[in-house]
Every structure is written in C-alpha cells, then in structure tokens.
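Structural description and commentary
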Amino acid sequence: MASILTTADAWALRDAAPSRWRAHVLRWAIFFVGCAATVITVNAQPDVPCTEARPCGPEPVNVIALGLFVGSWLILGWSTPRLAALAAAVVAVAGPLWDQFHPADASLVAELSLIAYALVTILLAWLRTRRSPSPAEREFADRTPRGNLTAVRLTPRRGRIRIGLGLALLLVGAAVSTAGVLRQSTMDARQAAARTESAAITAVDATGYTVTVADPTRVIDVVSPASYRVGGEIRLRVDDGGLAQPLAEPYDATPWQLLAVLLALGALALITTGYAVRSRRMLSGAYPMTEAYYQDGNLYAGDALAGAEPLARLDLGEEALVRDGQPHREDMGGLATPSRWQDQRITLYGVPAPGATVIVGIAGGPVVATARVRPPSGLGRFRPVAGGDHGTGPAPDQPRGALPGQVAALVPAAELTAAPEQVFRYRKPALIGYALSACLPLALVELVRRLPTTPAFVLSVLLTLASFAAGYRIWLRPAAAWNGGGIAARGVLGSVRSSWADVTSVSTQDDSVVVVAGPAAVLLPAQARRGGRTAASLTAGLLHARSRYADRVDPPPAPPMRLPVFFLLLFPVPVAILMAMQAVSH
C-alpha cells in the first residue's frame with residue numbers, strides 16, 4: 001500500500017538536491033572552454049604566406065574538423081554533452097595527424113589546446129550526465145513501501161517536432177553542401193580555362209584582406225595579408241566573365257562545407273534529443289510508492305493544507321499504453337490527458353527528487369505516464385480535493401499562525417528564538433559576481449579581434465559596461481532586512497518595505513525568493529547549497545518572521561546600498577584583455 005508523500009519528505013528531498021547553479025555552470029562551461037580554446041588555437045597558428053609554390057587552396061578535411069570543433073561548443077554542448085565530447089575527441093586526434101602531413105601549419109600550442117579542450121569537455125559531459133542519489137534520496141527509498149509494476153510499456157508523447165526539425169535541417173545542410181561542391185567545380189573549370197596576368201598593387205586596406213590593383217583598377221579579396229604589399233605585384237587568373245583570382249589563392253568554396261557541417265550537427269542534436277524523448281521502453285520491478293496530488297501541472301504533498309505552495313512541477317513525458325501486458329487506454333477514460341486528471345490523487349512510483357523521473361498513476365487506478373520532477377514555479381496554491389484526506393487548516397500565506405514543522409526545520413536556531421524586534425539581514429556574496437562579470441565580455445573576443453582598433457575599443461567598453469551593469473543588478477543590489485514587524489528588500493528589479501500584514505506571498509522560484517506585497521514584487525537571488533543560505537532556507541526564515549508578526553514593531557529600514565567600487569577597479573581588466581587580443585591579431 002502506498003504511503004503519503006509528506007511535506008517534510010518533499011522539503012528534505014528538495015533541500016538535498018544539487019544546486020541549479022551547478023547545472024547552469026556546467027551548461028555554460030563547455031561554451032566558455034570552447035571560446036577559450038578557439039582564441040588560443042587561432043592565435044597560436046603560424047602565419048604562413050600563400051605562394052604560387054604553396055597555394056592556399058581548398059582543404060575540405062581541415063574545414064570539416066573546424067566545423068566539428070566549433071559545433072561541439074556552439075551547438076552540441078547545450079543539449080547533447082556526450083556528442084560534444086565525442087566531436088572534441090575526434091578533433092583532438094585529427095589535429096596532430098593533420099599537422100604530420102602539413103608541418104608548415106603545425107603548432108604545438110594549438111595541438112595541446114585542442115587536447116586540453118577535449119579532456120575538459122569529456123569531464124564536463126560526465127559531470128552533466130551523471131546523477132547519483134543523495135543521502136536523503138537513499139533514505140527515502142529505503143523506508144518507503146514499494147509497489148510492483150509489471151510490463152508497463154511507455155510510448156512517447158513528444159519528440160516528433162524535434163525529429164522533424166532535425167530532418168529538415170539535415171536536408172538544408174545537404175543542399176548547402178551540394179551547392180558548395182557545384183560552386184567549387186564550376187570555379188575550378190573557370191580557373192583552368194583562364195589566362196594569367198600580373199597587376200601592380202596600389203593599395204591595401206587596414207585589415208590587409210583587400211587589395212587594389214591597377215590596369216584596370218580592381219578590388220580583390222585575399223586570405224593572406226602578409227603576402228601583399230603596396231608597390232608589389234600580384235599574379236591573377238582572369239577571364240572575360242570577371243574572374244580575377246590570385247594565382248597563390250585558388251578559389252575556395254569550403255566555407256559552404258563549414259556551414260553544412262554546423263547544420264548537420266544541429267540536426268544531429270535535434271534528432272538525438274527527439275529520439276531520447278520518444279524511446280519506447282518497458283517498466284517493471286518494485287519502486288518506492290507514495291500518494292500525492294496533481295493540480296495545474298504542480299505536485300502537492302499528500303498531507304497538503306488548503307492554500308499550500310507547490311512542492312514541484314511535473315513535466316509529463318511518455319504515456320503508458322499497456323499495463324500487465326494488456327492495452328488499457330479505453331479503460332482510462334481519457335485520463336492520459338492532464339486536464340482530465342489534474343485534480344486527482346495520484347500515485348508516484350520512484351523518488352520524487354528534483355531532476356528525477358517518476359512514474360505517475362491514478363491512485364487506485366492505472367499507470368498514466370512518466371514525469372520529470374522540476375523545481376516549482378512558485379505559482380499556484382493547493383485546492384482541497386473532494387473526498388481527500390488532506391485535512392483543513394489555515395493557508396500558509398496568512399500573516400499569523402504556527403509555522404509547519406518541516407519549514408521550521410530550515411530556519412536557523414537564532415531566528416527561531418529571536419524577539420520580534422530583532423533584525424536579520426541577507427546579502428548575496430559578491431566575489432563570484434565580480435569574477436563572472438569580468439569574464440563575460442571575453443566570450444566575444446573573436447568578434448573584437450577582427451575589428452579595427454577604434455571600433456574594437458568602443459565595443460570592448462560597451463561589452464564591459466553591459467556585463468558590469470548586469471553583475472551589479474544580480475550580485476550587489478539584492479539585499480533584505482526583516483524582523484517580526486515586516487520586511488525591507490531590494491531585489492534584482494524593484495524594492496519593497498512593508499509590514500507582514502501587507503505581504504501576500506513569499507515563495508521559492510528556482511534559486512531565488514519572490515516576495516509580493518500588494519502591487520510590488522521583489523526577486524532575491526539565493527545561494528548555492530554549499531555557498532550560503534539557500535532559497536528554501538531564506539523562504540523558511542521569512543515565513544517564520546511573518547508567522548510571528550507583531551503590529552507594534554515597525555519594519556526595519558532598507559539595507560544600505562553597496563557601492564560598486566570593485567567594479568570600477570576591475571573595469572579596465574576585460575577592456576585591456578580584449579584590446580591585447582585585438583592588437584596581437586593585427
């Protein structure tokens with residue numbers, strides 16, 4: 001028989017779950033590591049001039065490797081880290097092999113950069129895809145009664161759109177590749193039939209990638225700036241159709257193949273994730289079995305009181321078609337549609353921890369679907385279900401009343417025993433914010449280094465200003481002070497100073513706390529589990545303060561503003577790094 005999923009158990013599972021900051025950092029890590037590896041590799045490549053003896057012609061293999069390298073961190077790293085690691089490993093192996101056959105282009109620094117990138121990407125992919133149960137999850141699974149499932153076949157409810165988009169993108173990539181091949185063959189034929197002429201170079205633009213020749217005057221794009229100087233000569237293949245191709249630089253249509261590779265990697269990511277959602281599988285065995293409530297996409301505890309906040313959000317996945325080897329869709333009476341069973345008491349098979357997948361069934365009825373347990377959005381309140389044994393009681397959002405024991409367990413002991421007049425404060429530590437704000441503009445170093453000096457400097461200053469402005473809003477500005485009389489808070493956006501009687505909601509949203517007082521709302525970012533006070537603990541502290549509301553006590557004054565002194569001191573650092581990269585490239 002299923003036991004009730006209590007609010008205390010759900011809070012314990014939520015508090016023991018890995019911080020969402022860890023997932024965000026790992027998701028962005030491959031991108032930033034790829035950007036750094038790209039900058040190092042590009043600047044470490046030797047500048048080999050193009051000559052007629054060693055022309056800079058098409059190199060399809062090199063372009064495909066470049067596409068795999070860029071696509072691994074630009075496309076695959078976001079949703080398919082294993083594929084990103086595989087692509088990075090292929091490039092790390094292919095790079096040294098390519099240099100063996102092209103010693104003039106070899107660079108030890110570039111090879112080591114690619115190998116280091118591959119190793120780091122493999123490590124990050126492993127960290128992102130592994131999920132070991134926490135001690136709270138193991139303890140919950142050990143003491144919860146188990147229910148047996150026999151031959152439950154799951155069929156997908158989603159995935160067709162991703163697969164369809166992936167196939168369409170694959171067709172576009174094939175068309176682009178075909179167009180590139182046809183263009184290359186056409187230009188090769190024109191170059192073979194063209195005549196050779198020499199022309200004097202009269203001007204070279206600031207970037208060095210465009211030269212102007214005389215008799216007749218023409219502007220020609222080149223790929224090797226070091227090979228051409230004003231007053232020198234350039235030998236061209238020309239024809240009556242307007243062809244003017246440097247003899248040392250045969251026409252190269254392989255950038256079309258680079259675009260085709262990136263499109264193919266995007267298609268592969270869509271198709272892979274689509275099939276991962278649509279995979280059919282059979283479920284059988286014994287699972288921890290608990291009963292709870294499902295309303296409006298939210299999961300509520302089996303002992304929830306009227307007005308209780310949601311414990312989690314259920315993201316429905318595969319739909320169950322067969323139970324005990326027999327089709328039962330007709331017996332479900334349309335219950336597979338969430339709107340038909342949203343106010344039902346449900347049975348959960350598995351451990352409902354954030355990020356885990358559970359099997360959902362109607363209490364006393366059939367299995368319906370799988371669901372991914374997501375952090376609650378903070379919206380919605382529990383409505384009592386007719387016939388439920390959840391009981392009645394005051395809504396937790398009322399300013400007065402006892403705090404539930406599972407919430408009080410998250411409140412620091414000093415706050416539990418404090419007098420209503422005592423003021424408590426919260427601020428987000430700023431050290432990580434300084435580092436992230438200074439590093440974020442460096443992600444666009446490749447764009448800055450291609451610009452002339454003045455536009456590059458202007459863009460560097462604007463990028464740093466935008467990054468530091470966002471960092472100030474997220475890391476320095478948020479602060480809160482509260483006592484038994486009310487709260488004064490300043491969030492990422494907005495501020496509030498109000499008595500607890502006017503506060504209508506205090507809820508958790510991901511790793512932040514949302515405080516609503518009348519028309520005003522404040523978003524307070526909280527800390528990672530090991531980096532300070534979590535969102536759950538901060539929410540519990542504010543709810544505790546509201547539960548002991550004393551109208552004789554005034555709300556505390558607003559916390560003092562922190563001056564962005566360190567931001568001002570750090571401001572020249574990213575600008576200097578970007579301009580140094582720009583100077584090296586020119």
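The structure we're discussing is the one just above.
Each value, and the rule that gives it
Residues numbered from 1 in each chain as written. Predicted model: local features only at pLDDT ≥ 70, side-chain atom pairs only at ≥ 80, totals over all residues. Heavy atoms only, no water. Axes fitted to C-alpha atoms, helices over the stretch in contact; angles between N-to-C directions. Helix = DSSP H or I, 4+ residues; strand = E, 2+ residues; numbered from the N terminus. Parallel < 35°, antiparallel > 145°, perpendicular 65-115°, else oblique. Left-handed = near helix turned anticlockwise from the far one by under 90°. Contact = heavy atoms within 4.5 Å. Pairing = 2+ DSSP bridges. Disulfide = S-S within 2.5 Å. Buried < 20%, exposed > 50% of the residue type's maximum accessible area, 1.4 Å probe, protein only. Nonpolar A, V, L, I, M, F, W, Y, C, P; charged D, E, K, R; others polar. Core = buried A, V, L, I, M, F, W, Y, C linked by side-chain atoms within 4.5 Å.

Notes on the packing of helix H3 (residues 60-79) against helix H4 (residues 81-101)
In contact at an axis separation of 8 Å, H3 and H4 are set at 155 degrees when each is read in the N-to-C sense. The angle between H3 and H4 falls in the class roughly antiparallel. In the crossing of H3 with H4, the sense of the turn from one axis to the other is left-handed. In contact with Val-61, Asn-62, Ala-65, Leu-68, Phe-69, Ser-72, Leu-76, Gly-77 and Ser-79 of H3, H4 contributes Pro-81, Leu-83, Ala-84, Ala-87, Ala-88, Val-90, Val-91 and Trp-98.

Notes on the pairing of strand S4 (residues 210-213)
Here strand S3 (residues 195-204) pairs with S4 via three bridges, running antiparallel. By the bridge assignment for S4, Val-204 is matched with Val-211. One ladder, built from four bridges, connects S4 with strand S5 (residues 218-221); its direction is antiparallel. Residue pairing across strands places Val-213 opposite Arg-218, the latter belonging to S5. Hairpin connection from S4 to S5: four residues lie between these consecutive antiparallel strands, with Asp-215 at a positive phi of about 55 degrees.

Focus: the state of the cysteines
Taken as a whole and assessed by the stated rule, the structure comprises one disulfide. Cys-50 shares a disulfide with Cys-56; S-S distance 1.7 Å. Measuring the twist about the S-S bond at about -100 degrees, one finds the Cys-50-Cys-56 disulfide to be left-handed. Exposure remark for Cys-50: the relative accessible area of 6% places this residue in the buried category. When its relative accessible area of 22% is taken as the criterion, Cys-56 is described as partly exposed.

Side note on the packing of helix H13 (residues 431-439) against helix H15 (residues 453-476)
Close contact between H13 and H15 brings their axes to 9 Å; oriented N to C, the two are set at 160 degrees. It follows from the interaxial angle that H13 and H15 lie roughly antiparallel. At the point where H13 passes H15, the crossing takes the right-handed sense. Facing H13, whose interface residues are Ile-432, Gly-433, Tyr-434, Leu-436, Ser-437 and Ala-438, H15 presents Ser-467, Phe-468, Gly-471, Trp-475 and Leu-476. Of the residues in the contact of H13 with H15, the class split is seven nonpolar, four polar and no charged.

Topic: the nonpolar core
Counting residues in hydrophobic clusters, the biggest one holds 23 residues, and the most contacted among them are Trp-482, Ile-487, Trp-500, Val-513 and Leu-542. Listing elements by their share of this core, those giving two or more residues are strand S15 (424-427), strand S16 (479-482), strand S17 (486-490), strand S19 (503-509), strand S20 (512-517), strand S21 (520-525) and helix H16 (535-547). When residues of this core are assigned to their parent elements, the largest contribution, five residues, is made by H16. In this structure, Ile-487 is in contact with Ala-481, Trp-482, Val-496, Arg-497, Ser-498, Trp-500, Val-503, Val-515, Leu-542, Pro-555 and Pro-556, ignoring residues within four places of it in sequence.

A look at the sheet that holds S21
Either a parallel or an antiparallel arrangement is found when strands of a sheet pair, and the pairing is made through backbone hydrogen bonds. Within the open sheet, the three strands sit side by side as S19-S20-S21. Their pairing is antiparallel. Strands with a single pairing partner mark the edges of an open sheet, and in this sheet they are S19 and S21. Within the sheet, the average angular offset between the axes of one strand and its neighbour, ignoring direction, is 15 degrees. As judged from the six bridges shared by S19 and S20, these two strands associate in the antiparallel manner. For Ser-507, the partnering residue across the bridge sits in S20 and is Val-514.

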